[in-house]
Amino acid sequence: MKFMKLGSRPDTFYTTEAVRAVSSEVSSDLIVQVQGSRYLLHKFPLLSKCSLLQRLCAETPETKHHQIVQLPDFPGGVEAFELCAKFCYGITITLSAHNIVSARCAAEYLQMTDEAEKGNLIYKIEVFFNSCILNGWRDSIVTLQSTKSLQSWSEELGITSRCIEAIASKVLANPSRVNLSNSCSRRGRDDILWCNGSESQRHDKHVTKGWWAEDIAELGIDLYWRTMIAIKSVGKPPSNLIGEALRIYASRWLPNISKDSNNANRMESDSNSAGKINSKHRLLLETITSLLPPEKGAVSCSFLLKLLKAANILNASNSSKMELARRVGIQLEEAKVSDLLIPSLSSDMVYDVDMVLNILEQFMLQGQSPPTSPVGVKGGFERRRRSRSEEKVDSEFQESRRSSSASHSSKIKVAKLVDGFLQEIAHDRNLPMSKFIAVAEAVPEFARLDHDDLYRAIDIYLKAHPDLNKSERKNLCRILDCKKLSMEACTHAAQNERLPLRVVVQVLFFEQARATTSGGRVTDIPSNIRALLTSNGDPRRPMTASFSTNATGPAEDQWSISGQKSATSRISTLRMKLAEDDDLDESFADRIGSSSRAKASCLLPGRPKGMFSKLWPISRSASQRH
C-alpha cells in the first residue's frame, strides 16, 4: 500500500489535564476547540496555512492571554484536525489510503489552499491521490470504502467518483498491468511483492478475468452498485463475469443464500429478529437483481432460484420476484427439484406453488413447438441450382430447426423436473388439488415421454389426501395417460385401490391391447394382469409383483404391491363396481373410441371380450339417454 510522509520535525504534541498542547519555548496564544477537545496552539504556524483560521481570528475578539476559536462539525474529528495542525508545525505526518479522505476533507474545511501558501496541504494531497492512490488497485478500494464516513464531503470533492472510475478502468484492463499490494483480500496472491511502500506488477500467468470480484465484494451495497454500473458503462465485460461477481457478492453479504432450503426458516427468523437487518438485506437483494445481466446463462439457474427463495423470505418487492421468476423460466431446464422448493410464507402450503407456476409460464413463453421437417422434393423433377437467397433461407431454416429442437429437448427435461416437483409437494396436506393439476398441466403433453413419475406423484397425493371423494379422485386422474405407463407402473396401478375404477380398467385395457398387438398373445404380461384378462390365468394365484423407480423418497412412498388383494377378489371387485361407476361409460368410451373398441374386441381373447362387453352396452345406453 502506498504512503507519503510530509514534514521532518519530531512529534511534540502532548496531553495534560485533558488538553492537547505543543512543547515549545513560546507560550501558546490560540485555543482551538474541536468536538469537545481543546488544543493550545500558536497563531503563527496555523494562520499562515489555514485561511479559515485567519478569518475566524479576525472576527473573534482577543482575550488577555488566548484567543478562542470554535470548529464545530469538523470533518474527520480530532484526528484529522491534529494531522493538519502537525503539518502546519512541520511535524512528520504519514498519508495513506486509510486516512487520505479525512485529511483531504479536513484540509478543505480549514481552507489550506495555495492562496494561503504555495504548495499547501491540499495541493500535496491531490498530487499523492492522483499519482499513487488511484493507480493502485487495493488503495483505490480502501479509499473508496473510507468515503462512507464522510459521504457528502467525498461526493463534493469528487473523491468517490474518481475512485469508482479508477476501479472500473482496472477491472477492464489486463490483470497483469494492475498494481496490487500485499494487503489485498483475495486468496492466492503470493506472487505480489512489497518493498519500501511500492507496489509490484501482477505476474500470475494463470489469473482469471474475474480476479477483481472478491475484492469489490467488500464494498457496501450503494458503492458496489455504482461501481458495477461504472464497469458496465466503461466497457463491455463478458456477462458471465458480471454474473459471477454478483454471485460472490450475494454469498458475501447473504450467507444463507448458499444454503439449502432446510435453512430457509432459520434465515427468516434471523431476519425477523431485527427489522433493520431485514430491510438492509432486502435492499441488497433487490439491488443484485437489478444488476443481473440480461443474457441467458450469465448466472446459473440454481443461483437465480436461491435469490428467489431469499426474496420470498425477505418479502422483496413483487417486481424483483417477477423478474427473478422470468429469468429462471428462461433457463429452467438447468434446475433441480430441490431448487424449486421455495418456502411459502403467505399461505398454509409448505412450498410456494404459485411462484413455480409463474416460472413454468415464463418457460413456456420462451420455446416453440417441436420442429418439423421441410417438405421433400418429389422425384422426377430436375434439380435447379439454388440461388444465394435460397441458400440463406435454407440456412435460416436449419438454424430455426436447431433452436426448435433445443426447445423441444428443454421441454422434455422440464417435464421430468415438474413430475419430480409434484412428488415433493404431493405430501403437503394443505395443497389444493387444483394447484396440483395446474402444475401437472403446465408442460405440454408431448414433453412427457412416459407417465410413470406423474403416476407416482398422483399416488402420493391420494395417499396424503384420503378424504378425497370419488369425483375428486376421478378429476385428479384425468391428467394421467395410461397408454404411457410402463409395465411396472401398470402392475402397480392395476392393484391400487386408491385409484378410481375407470383408471384401473383403462390400465388393463391398454396393457392387454398392447400385448396382443405386439405378439398376439398375453404370456409376456405379468401374471396378475393375465389373471384378470384371460381365462388361462389362475385366479387363485396371489399377486407379488412390485414397482419401484430411482426416485429417492420415504420408504412408504416406494411402489410395492406385495400383500395386495388376490386376483379373484380383484375380479369380483371389478364386476361389482362396473355398474356403480357413473361416468365410466362416457369418459372411457370417449377415450378409446368406437373404432378402438371394435379393434380391441378382435384382439382380446376369450374372457376380455366378455368383460368389456359389459362396458360397451352401458356406453350405448348412455348415448341413447342423450
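Residues numbered from 1 in each chain as written. Predicted model: local features only at pLDDT ≥ 70, side-chain atom pairs only at ≥ 80, totals over all residues. Heavy atoms only, no water.

Student: Got a sec to walk through the pairing of strand 1 (residues 3-6)? Specific residues and values, please.
Tutor: Only one face of strand 1 is buried: it carries Met4 and Leu6, and the other face, with Phe3 and Lys5, is open. Sheet topology places strand 1 next to strand 7 (residues 93-96); four bridges connect them, and they run antiparallel. Each bridged residue has a counterpart across the sheet, and for phenylalanine 3 the counterpart in strand 7 is serine 96. (Buried < 20%, exposed > 50% of the residue type's maximum accessible area, 1.4 Å probe, protein only. Helix = DSSP H or I, 4+ residues; strand = E, 2+ residues; numbered from the N terminus. Pairing = 2+ DSSP bridges.)

Student: Lay out the sheet that holds strand 4 (residues 30-34) in plain terms, naming residues and giving numbers.
Tutor: Read across the open sheet, the five strands follow the order 2-3-5-4-6; overall the sheet is mixed. The strands lining the two open edges of the sheet, one partner per strand, are strand 2 (13-16) and strand 6 (67-70). Strand-to-strand twist in this sheet, taken as the mean axis angle between neighbours without regard to direction, amounts to 25 degrees. Note that strand 4 and strand 5 (residues 37-41) share five bridges and pair antiparallel. Bridging across to strand 5, isoleucine 31 finds its partner in leucine 40. In the packing of helix 2 (residues 51-59) onto the sheet, contacts are made with strand 4 and strand 6, and the angle to strand 6 comes to roughly 125 degrees. Across the sheet, helix 3 (residues 77-89) touches strand 2, strand 3 (19-22), strand 4 and strand 5, and the angle it forms with strand 5 is around 5 degrees. (Axes fitted to C-alpha atoms, helices over the stretch in contact; angles between N-to-C directions. Contact = heavy atoms within 4.5 Å.)

Student: Before we move on, could you go through unusual backbone geometry and cite the residues and values that matter?
Tutor: For glutamine 35, which is not a glycine, the phi torsion comes out positive at approximately 50 degrees. Note on placement: glutamine 35 falls in the loop between strand 4 and strand 5. Although it is not a glycine, aspartate 73 adopts a positive phi angle of roughly 55 degrees. One can find aspartate 73 in the loop between strand 6 and helix 3.

Student: Which residues make up the packing of aromatic side chains, and what values go with them?
Tutor: Using the criterion set out here, one finds ten aromatic pairs in the structure. Consider the rings of phenylalanine 74 and tyrosine 109, whose centres lie 4.9 Å apart with planes at 70 degrees: the pair is edge-to-face. Placement of phenylalanine 74 in the loop between strand 6 and helix 3 and of tyrosine 109 in helix 4 (residues 100-110) is noted, with a sequence separation of 35 residues between them. Accessibility assignment for this pair places phenylalanine 74 and tyrosine 109 in one class, buried. When the ring of tyrosine 224 is compared with that of tyrosine 249, the centres are 3.8 Å apart and the planes differ by 15 degrees; the resulting orientation is stacked. On the criterion of sequence distance, the pair formed by tyrosine 224 in helix 10 (residues 221-234) and tyrosine 249 in helix 11 (residues 239-253) is long-range, its members being 25 residues apart. For the pair tyrosine 224 and tyrosine 249, a shared accessibility class is recorded, and that class is buried. In textbook terms, an aromatic cluster arises when at least three aromatic residues are bridged by ring pairs, as seen for Tyr39, Phe74, Phe81, Tyr109 and Trp153. Its end group placed over the ring of tryptophan 253, arginine 252 keeps NZ or CZ at 4.3 Å from the ring centre. (Phe/Tyr/Trp six-rings, centres within 6.5 Å; stacked < 30°, edge-to-face > 60°. Lys NZ or Arg CZ within 6 Å of the ring centre and 35° of its normal.)

Student: Tell me about the side chain of lysine 170, residues and numbers included.
Tutor: Here lysine 170 shows up in helix 8 (residues 159-171). Residue classification places lysine 170 among the buried residues on the basis of a relative accessible area of 10%. Not counting the four nearest positions on each side in its chain, lysine 170 is found in contact with Leu134, Asn135, Gly136, Trp137, Ser140, Val178 and Trp211.

Student: Please provide a residue-by-residue account of the environment of leucine 284, values included.
Tutor: Structurally, leucine 284 can be placed in helix 13 (residues 275-291). According to the relative accessible area criterion, leucine 284 is buried, its value standing at 3%. Separated by 35 residues in sequence, leucine 284 and tyrosine 249 place their C-alpha atoms 9.7 Å apart. Setting aside its immediate chain neighbours within four residues, leucine 284 contacts Ile221, Tyr249, Trp253 and Leu254.

Student: An account of the confidence of the model for the chain is requested, with residue identities and associated values reported.
Tutor: A residue-level look at the chain finds 67% of positions with pLDDT of 70 or above and a mean pLDDT of 77. Residue range residues 258-274 is modelled with pLDDT below 50. Its contacts to residues more than four positions away, or to other chains, number 19 contacts. (pLDDT = per-residue confidence, 0-100.)

Student: So, helix 2: which residues are in play, and what are the values?
Tutor: Buried within helix 2 are the following residues: Ser51, Leu52, Leu53, Leu56 and Cys57. Among the structural elements, strand 4, helix 1 (43-47), strand 6 and helix 4 are those in contact with the buried residues of helix 2.

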